[in-house]
Amino acid sequence: LVIFTKTSVLMTHSFLFYHLSSSTCISAMKSELNRNYTEVTEFVLLGFITPPQAQILLFLVFLLIYMVTVVGNISMIIVIKVDSRLHTPMYFFLRNLSYLDLCYSTVIAPKTLANFLSKEKKISYNGCAAQFFFFALFVTTEGFLLAVMAFDRFSAICSPLLYPVHMSQKVCAQLVTGSYTCGSINSMVQTGFTFSLRFCGENRLDHFFCDVPALIKISCTDTSVNEIVLFILSALIIVTTTTVIVVSYAYILSTVLKIPSTRGRGKTFSTCGSHIAVVSLFYGAVFFMYAQPGAISSPKSNKIVAVLYTLVIPMLNPLIYSLRNRDVKDAMERILRR
């Protein structure tokens, strides 16, 4: 282990030395080439380059997705808030998940919809920075919240007698606050590094919102450090949260298999089915987008995956939880009858 650690450290230093030494020459050449360019004060979001008729069709599709997202997540928040039977830790976390889905889809969707009907498709420099900051905040927080929800299921299934202690109201509030804190730290670091870059001359982003890969691609300064920071932070967040999720479900599976009744096993594990589906969709998209080394060089693939996790997943989450959850369906029926 010591040899492996020393080798890893040596390889990391060599990798960083290579990038930083080459970055000096690249920075010098770029600064010489871009000396006559003025600083960028606004960006053009190219979005989806299609004929005008297709733009209208995409506008209608995105509008429908966003409307379903808003209605679904607001309904979930109201149902959990109003029905006292859903005032449990699991639904407390689910309500926060719906809030995050609503927030980060709202950060992206309105501007995207407006750009479908606009010829200029512009966003100011400060508007771009604000959009990216809040998007990174809500998406990162959701990743940590999904890990918290896995731990909640682990506590409920593997330690049912101690569950009220492990998941008291105070502990639940602290876990949600911790998720937001981690999201804020990542968002501030990513925004600080990204918008410390210089953008001169080229201001066209090959994306439908302000995101790191597209911004790095058009910068006129060396971006090797930013790429390393993006990869390390994304990998660290994904590894940390997925480890919590995988370990939690490993213990859950071990506990469920010890239940003698087949019906009992199915009933116990069914409470985790919705969460597993949401985790698979979310982490699959985020890993493809940020945690693979070649992600920055494939803008077309990035846009397709970005649609999945910025608009489609926030729409699907309330549907998955409401259709697969008997408690939520019963609560909705009671509210409608009132």
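Quick caveat, the model's predicted, so the values are computed rather than measured.

About the thresholds
- Residues numbered from 1 in each chain as written.
- Predicted model: local features only at pLDDT ≥ 70, side-chain atom pairs only at ≥ 80, totals over all residues.
- Heavy atoms only, no water.
- Helix = DSSP H or I, 4+ residues; strand = E, 2+ residues; numbered from the N terminus.
- Areas by Shrake-Rupley, 256 points an atom, 1.4 Å probe, with all protein chains shown as cover.
- Buried < 20%, exposed > 50% of the residue type's maximum accessible area, 1.4 Å probe, protein only.
- Core = buried A, V, L, I, M, F, W, Y, C linked by side-chain atoms within 4.5 Å.
- Contact = heavy atoms within 4.5 Å.
- UniProt positions renumbered as here; feature names shortened; annotations may be inferred.
- Salt bridge = Lys/Arg side-chain N within 4 Å of Asp/Glu carboxyl O.
- Pairing = 2+ DSSP bridges.
- Axes fitted to C-alpha atoms, helices over the stretch in contact; angles between N-to-C directions.
- Disulfide = S-S within 2.5 Å.

(A) Fine view of the overall build of the protein. Of regular secondary structure, the protein possesses 11 helices and 3 strands. Sequence-ordered secondary structure for the protein, helices as α and strands as β, is α-β-α-α-β-α-α-α-β-α-α-α-α-α. As displayed, the protein offers around 17500 Å² of accessible surface, 70% of which is attributable to carbon and sulfur atoms.

(B) Main features of unusual backbone geometry. The backbone phi angle of K121 is positive, close to 55°, even though this residue is not glycine. When you line up the elements, K121 lands in the loop between α3 (89–116) and β2 (122–124). Accessibility expressed as a relative area gives 17% for K121, which makes it buried.

(C) Geometry of the nonpolar core. Counting 63 residues, the largest nonpolar core has F93, L146 and Y309 as the members making the most contacts within it. Sorting the residues of this core by element identifies α2 (52–82), α3, α4 (125–158), α6 (169–194), α8 (224–257), α9 (262–290), α10 (299–323) and α11 (326–337) as the ones contributing at least two each. L146 has contacts with L97, I245, H275, V278, V279, F282 and Y283, leaving out every residue within four places of it along the chain. In this structure, L45, C128, V212 and L230 belong to the second largest nonpolar core, which totals 19 residues.

(D) A look at the UniProt feature "transmembrane region" (unreviewed entry) in the protein. As recorded in UniProt, the feature "transmembrane region" (unreviewed entry) lies at residues 56–80, 128–151, 228–252, 272–292 and 304–323. Strand forms 0% of residues 56–80 and helix 100%; the C-alpha atoms that close the span are 36 Å apart. Across residues 228–252, helical content stands at 100% and strand content at 0%; the span's end C-alpha atoms are separated by 36 Å.

(E) Quick peek at the pattern of salt bridges. Overall, the coordinates contain 5 salt bridges when judged by the stated rule. With a closest N to O distance of 3.2 Å, E42 and K122 form a salt bridge. Of this pair, E42 sits in strand β1 (residues 42–45) while K122 sits in strand β2, and the two are 80 residues apart along the sequence. Note that D83 and R334 form a salt bridge whose closest N and O atoms lie 2.8 Å from each other. Here D83, found in the loop between α2 and α3, pairs with R334, found in helix α11; they are 251 residues apart in sequence, far enough to count as distant.

(F) Main features of the sheet that holds β1. If you walk across this open sheet you meet the 3 strands as β2-β1-β3, and the pairing is mixed. The open sheet terminates on both sides in strands that have one partner only, identified here as β2 and β3 (204–205). For β1 and β3, the ladder comprises 2 bridges, and the chain directions are parallel. Looking at the pairing, L45 lines up with L205 of β3. With respect to the sheet, α4 is in contact with β1, β2 and β3, its orientation differing from that of β2 by roughly 85°.

(G) Examining the state of the cysteines more closely. In this structure the tally under the stated criterion is 2 disulfides. In this model, C128 is linked to C210 through a disulfide, with the two sulfur atoms separated by 2.0 Å. On the sign convention where negative is left-handed, the bridge of C128 and C210, at about -130° about the S-S bond, is left-handed. Residue C128 is found in helix α4, and its partner C210 is found in the loop between β3 and α7 (212–218); the two are separated by 82 residues along the sequence. What makes C128 buried here is its relative accessible area of 0%. Sulfur-sulfur distance for the disulfide between C200 and C220 comes to 1.9 Å. In this structure the cystine formed by C200 and C220 twists about its S-S bond by roughly 125°; its chirality is therefore right-handed. Highlighted residues: C200 in the loop between α6 and β3 and C220 in the loop between α7 and α8, separated in sequence by 20 residues.

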